[in-house]
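Geometric and topological summary
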Amino acid sequence: MQTLKAAIVYFALIFATGFSLAMIRIPFLVPRLGERWAELVELPVMVLASFWAARWLVGYFSPLSLSQRAGMGSMALLLMVGSELGLTVALGQSIREYILGRDPVSGVGYLIALLLFAAMPLFVPECGHQDT
């Protein structure tokens, strides 16, 4: 149960971060840089956010075994991909159109960022949790 809670919080934090960054990227960066470069500028921020969130959660839900950390990342990835594809369909686009419409460069970068998001709980150090 602890792994599921950690996965849900991890997903929610990164989904909210991505949503917030999209509010900057779409109106301000895309018109100036184009979609590819705007997405590429956002990717390192998302990977860094994944690191911070995973590190905090691994410490917060400590102790988590390696298999629990892997489960946290895997479940969070499933939630992320499911939410993104669900939102795509809800907005009237097919999954096929969405995948084929991705920029080949930033799309590959996005896939790498998703894999890093899923793997991050395995590689972060525990930062510990302190009640205040």
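Residues numbered from 1 in each chain as written. Predicted model: local features only at pLDDT ≥ 70, side-chain atom pairs only at ≥ 80, totals over all residues. Heavy atoms only, no water.

Okay, the overall build of the protein next. Across its full length, the protein holds 5 helices and 0 strands. Taking 2.2 N^0.38 as the reference for a compact globule, 132 residues should give roughly 14 Å; the C-alpha atoms of the protein span a radius of gyration of 16 Å, in line with that estimate. Taken along its principal axes, the extent of the C-alpha atoms in the protein is 45 × 30 × 25 Å. Buried positions account for 33% of the 132 residues belonging to the protein. (Helix = DSSP H or I, 4+ residues; strand = E, 2+ residues; numbered from the N terminus. Rg over C-alpha atoms; globule rule 2.2 N^0.38 Å. Buried < 20%, exposed > 50% of the residue type's maximum accessible area, 1.4 Å probe, protein only.)

With that out of the way, let us pick up the packing of helix H1 (residues 2–33) against helix H5 (residues 104–123). In a pair of packed helices, the angle between the axes and the distance between the axes together describe the arrangement. The N-to-C vectors of H1 and H5 enclose an angle of 135°; their axes lie 12 Å apart at closest approach. By the angle between their directions, the pair H1 and H5 is classed as oblique. In this structure, H1 crosses over H5, and the sense of that crossing is right-handed. Across from Tyr10, Phe11 and Ile14 in H1, the residues of H5 making contact are Phe117, Met120 and Pro121. Here the residues of the contact of H1 with H5 are counted per class, giving 6 nonpolar, no polar and no charged. (Axes fitted to C-alpha atoms, helices over the stretch in contact; angles between N-to-C directions. Parallel < 35°, antiparallel > 145°, perpendicular 65-115°, else oblique. Left-handed = near helix turned anticlockwise from the far one by under 90°. Contact = heavy atoms within 4.5 Å. Nonpolar A, V, L, I, M, F, W, Y, C, P; charged D, E, K, R; others polar.)

Before going further, it helps to examine the nonpolar core. Grouped burial of nonpolar side chains is what soluble globular proteins tend to show. With 20 residues, the main nonpolar core has Tyr10, Ile14, Met72, Ala76, Met80 and Phe117 as its most contacted residues. Those elements that provide at least two residues to this core are H1, helix H2 (35–60), helix H3 (66–90) and H5. The dominant element in this core, judged by the number of residues it contributes, is H2, at 6 residues. The contact partners of Ile14, leaving out residues within four places of it in the chain, are Met46, Ala49, Ser50, Ala53, Met80 and Phe117. (Core = buried A, V, L, I, M, F, W, Y, C linked by side-chain atoms within 4.5 Å.)

Where H1 meets H2, the axes come as close as 9 Å, and the angle between the chain directions of the two elements is 160°. On the basis of their axis angle, the class for H1 and H2 is roughly antiparallel. Regarding H1 and H2, the two cross each other, and that crossing is right-handed. For the contact of H1 with H2, a count of residues per class yields 20 nonpolar, 3 polar and 4 charged.

Any functional reading would require information beyond the geometric quantities listed.
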